[in-house]
Amino acid sequence: VSATGRAVADVLVDGETIRALLEPGSSLLGTDVAASVDRVIDATGRYVIPGGIDAHTHMQLPFGGTEASDTFETGTRAAAWGGTTSIIDFAVQTYGQRIEDGLAAWHEKAAGNCAIDYGFHQIVGDVNEASLATLRRLPDEGITSFKMFMAYPGVFYSDDAQILKAMQVSRDTGMLTMMHAENGPAIDVLAAQLVEQGRTEPFYHGVARAWEMEEEATHRAIMLAKLTGAPLYIVHVSAKQAVEQLAWARDKGQNVYGETCPQYLYLSLEDQLGAKGEQWGSFEGAKWVCSTPLRSREEGHQDSMWQALRTNDLQMVSTDHCPFCMKDQKELGLGDFRKIPNGIGSIEHRMDLMYQGVVTGEITLERWVELTSTTPARMFGLYGTKGVIQPGADADIVVYDPNGHTSIGLDKTHHMNMDYSAWEGYEIDGHVDTVLSRGKVIVDGDQYLGAKGDGRFLRRGLSQYLI
Ligand code: DUC
Ligand code: ZN
Ligand code: ZN
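- Going by what an unreviewed UniProt entry lists, the chain is known as Dihydropyrimidinase and is assigned to Agromyces cerinus subsp. cerinus.
- What UniProt records for the chain under Cofactor (unreviewed entry) is the sentence "Zn(2+)".

Here it is, written out as structure tokens:
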């Protein structure tokens, strides 16, 4: 199955690379292919798809006085179990730090530890003359996108002047500007007022981060991008009104894109954070505190995300994988939701959760491949070696069984380094059977055959979505 169609075929892998797509039973240079290869993986009755590419992960991210609980080793192993064979993680430049130093630290965390291939985006946390000059040179190092935050004042935040300057670099270099679009200064005022009123439970995280704050910031980012001519990609879109902004800008011909995440398709403020009332006093909701926040199902945000994936108002699905344990991590926010480290762990389940959207008729089989692999590859300069099964491409291949079943839960399928699952009880009508990473079988049924250090750093080219 590819982004554009499906066919019955044999895939011939030679070393790390796909050599040929063949009609079943065909011969190559007069020899019977099946008889002359080292190994045959019988995929009869299954889907053979390009390995998943999760373009938004945060392994070991320092956040809220703690650190995301998956290391590059545990996080990429969990990814492999779930049919994801490449990640793009965010290297962090903190305030007062040089980009070079933040980036070098990220290389050090990842090198030799990943089970699958990995690339980096650069988080720009301190815009100044020096960091802008460094940013311009990053494409030479295979880093062709950077992220800025309109939220988190005092942590990652950039103001409009800083964003404008960085977007000018984006325009000049072709680097993609990625934006966390939420009005952080306004959100922080609302959050403080809620805490002063004694409204400290996780539910109020979602109240403070109202959709108006996402719509406004999305619009502002779009206009700054229009002014500068920068290509723009909005991360973790969750509000239906933010999608409307994207659709509006795209209809006017502007080069803007957006991703959403499984949590914004399936989970809601009501079900997870207790907007119905009964659970307001419960700290359980901390499990689903992430930003942008889960949104109200009554307001129709989830339906709107699925629709946008069909109409291409949103182009991709990434996880924003940013796991924290309840114990000692999420619990930092007992008595004050502002201190709950933000994030949900999903890297292991993205391919399955999106496949379930095929089963329920929300998206087609081809769109599943497009959203999870092919478009991420094209968007972030990996296409050709990744994101497609074709001669010359890396042999990153998943054999997916539509007649299999996956029960998600901490005591069942769970390889992320967390003490809970945000997806406990989810049932998937499909199963990742076999996973190849550059020709090596790393998941074979219930056996894990990958190893840390197998994954290589991906030097990415410019986005294929530049115009
Ligand atoms: N959102 C999260 O949920 N976690 C990390 C950073 C972010 O923007
Ligand atoms: Zn973000
Ligand atoms: Zn993120």
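### Regarding the UniProt feature "modified residue: N6-carboxylysine" (unreviewed entry) in the chain
- The sites that carry the UniProt feature "modified residue: N6-carboxylysine" (unreviewed entry) are, in the present numbering, Lys 147.
- Residue placement: Lys 147 occurs in strand E11 (residues 145-149).
- On the neighbour-count criterion, Lys 147 (23 C-beta atoms within 10 Å) is buried.
- Contact partners of Lys 147, with chain neighbours within four places excluded, come to Phe 90, His 121, Ile 123, Met 178, His 180 and Val 235.

### Here's the deal with the environment of Asp 101
- When you line up the elements, Asp 101 lands in helix H3 (residues 99-110).
- Between the alpha carbons of Asp 101 and Arg 39 there is a distance of 45 Å; along the sequence they are 62 residues apart.

### Observations concerning the site of ligand 1
- Taken together, His 58, Phe 63, His 180, Cys 290, Ser 291, Asp 320, Cys 322, Asn 342 and Gly 343 make up the full set of residues adjacent to ligand 1.
- By residue class, the composition of the shell around ligand 1 is three nonpolar, five polar and one charged.

### What to know about the pairing of strand E9 (residues 84-92)
- Here E9 lies mainly inside the structure; nine of its nine residues are buried.
- Where strand E6 (residues 52-57) meets E9, four bridges bridge the pair, whose relative direction is parallel. Within E9, the position partnered with Gly 52 by the bridge is Thr 84.
- As paired strands, E9 and strand E10 (residues 117-123) are joined by seven bridges and run parallel to one another. Bridge assignment links Val 92 to a residue of E10, and that residue is Ile 123.

### Some thoughts on the sheet that holds E10
- Spatially, E6-E9-E10-E11-E12-E13-E14-E15 is the arrangement adopted by the eight strands of the open sheet, whose pairing is parallel. Either end of the sheet is taken by a strand with one partner, and the two such strands are E6 and strand E15 (316-317).
- Both E10 and E11 contribute to a ladder of two bridges, which runs parallel. In the strand pairing of E11, Ile 123 is matched with Lys 147.
- Running over the sheet, helix H8 (residues 211-228) touches strand E12 (176-180), strand E13 (232-234) and strand E14 (256-260) and is turned about 170° from E13.
- Its contacts with the sheet put helix H13 (residues 350-359) on E6, E9 and E15, and the angle it makes with E6 is roughly 115°.

### Details of the packing of helix H4 (residues 129-137) against helix H5 (residues 160-173)
- Closest axis-to-axis distance for the H4/H5 pair is 10 Å, and the angle between their directions is 20°. On the basis of their axis angle, the class for H4 and H5 is roughly parallel. Between H4 and H5 the crossing geometry is right-handed. Contacts between H4 and H5 pair Leu 132, Leu 135 and Arg 136 from the former with Lys 165, Ala 166, Val 169 and Thr 173 from the latter.
- Split into classes, the residues belonging to the contact of H4 with H5 amount to four nonpolar, one polar and two charged.

### As for the sheet that holds strand E20 (residues 440-444)
- Sheet architecture is open: five strands sit in the order E5-E16-E19-E20-E21, paired in antiparallel fashion. Strands at the two margins of the open sheet, each flanked by one partner only, are strand E5 (47-50) and strand E21 (447-448).
- Here E5 pairs with strand E16 (residues 397-401) via four bridges, running antiparallel. In the sheet register, Tyr 47 faces E16, and the bridge partner there is Tyr 400.
- Relative to E20, helix H2 (residues 72-81) is tilted by about 80°, and along the sheet it contacts strand E19 (431-437), E20 and E21.

### Digging into the environment of Gln 193
- Tracing the chain through its elements places Gln 193 in helix H6 (residues 184-196).
- Taking the C-alpha atoms as reference, Gln 193 lies 9.1 Å from Ala 208; in sequence the two are 15 residues apart.

### Details of the packing of H8 against helix H9 (residues 240-251)
- Between H8 and H9, whose axes approach to 8 Å, the crossing angle comes to 20°. Considering the angle they form, H8 stands roughly parallel to H9. Read as a crossing pair, H8 and H9 show a hand that is right-handed. Of the residues in H9, those in contact with Trp 211, Glu 214, Glu 215, Thr 218, His 219 and Ile 222 of H8 are Gln 241, Ala 242, Gln 245, Leu 246 and Ala 249.
- Partitioned by chemical class, the residues of the contact of H8 with H9 number five nonpolar, four polar and two charged.

### A short note on H2
- In terms of burial, H2 is largely enclosed, as ten of its ten residues are buried.
- Where H2 terminates, the next one or two residues include Gly 83, which has phi positive at roughly 85°.

### Some thoughts on unusual backbone geometry
- A cis amide bond, omega 0°, links Ser 291 with the succeeding residue Thr 292.
- In this fold, Thr 292 is placed in the loop between helix H11 (269-273) and helix H12 (301-311).
- Despite not being glycine, Asp 328 shows a phi value in the positive range, around 65°.
- Topologically, Asp 328 is positioned in the loop between E15 and H13.
- Here Asp 328 falls in the exposed class, since 11 other C-beta atoms lie within 10 Å of it.
- Of note, Arg 438 is a non-glycine position whose phi angle comes to about 40°, a positive value.
- For Arg 438, the position within the fold is in the loop between E19 and E20.
- The buried category is assigned to Arg 438, around which 21 C-beta atoms lie within 10 Å.

Calculation rules
- Residues numbered from 1 in each chain as written.
- Chains lettered and ligands numbered in written order.
- Predicted model: local features only at pLDDT ≥ 70, side-chain atom pairs only at ≥ 80, totals over all residues.
- UniProt positions renumbered as here; feature names shortened; annotations may be inferred.
- Helix = DSSP H or I, 4+ residues; strand = E, 2+ residues; numbered from the N terminus.
- Buried ≥ 20, exposed ≤ 12 C-beta atoms within 10 Å, placed from the backbone.
- Contact = placed C-beta atoms within 7 Å.
- Near = placed C-beta within 6 Å.
- Nonpolar A, V, L, I, M, F, W, Y, C, P; charged D, E, K, R; others polar.
- Pairing = 2+ DSSP bridges.
- Axes fitted to C-alpha atoms, helices over the stretch in contact; angles between N-to-C directions.
- Parallel < 35°, antiparallel > 145°, perpendicular 65-115°, else oblique.
- Left-handed = near helix turned anticlockwise from the far one by under 90°.

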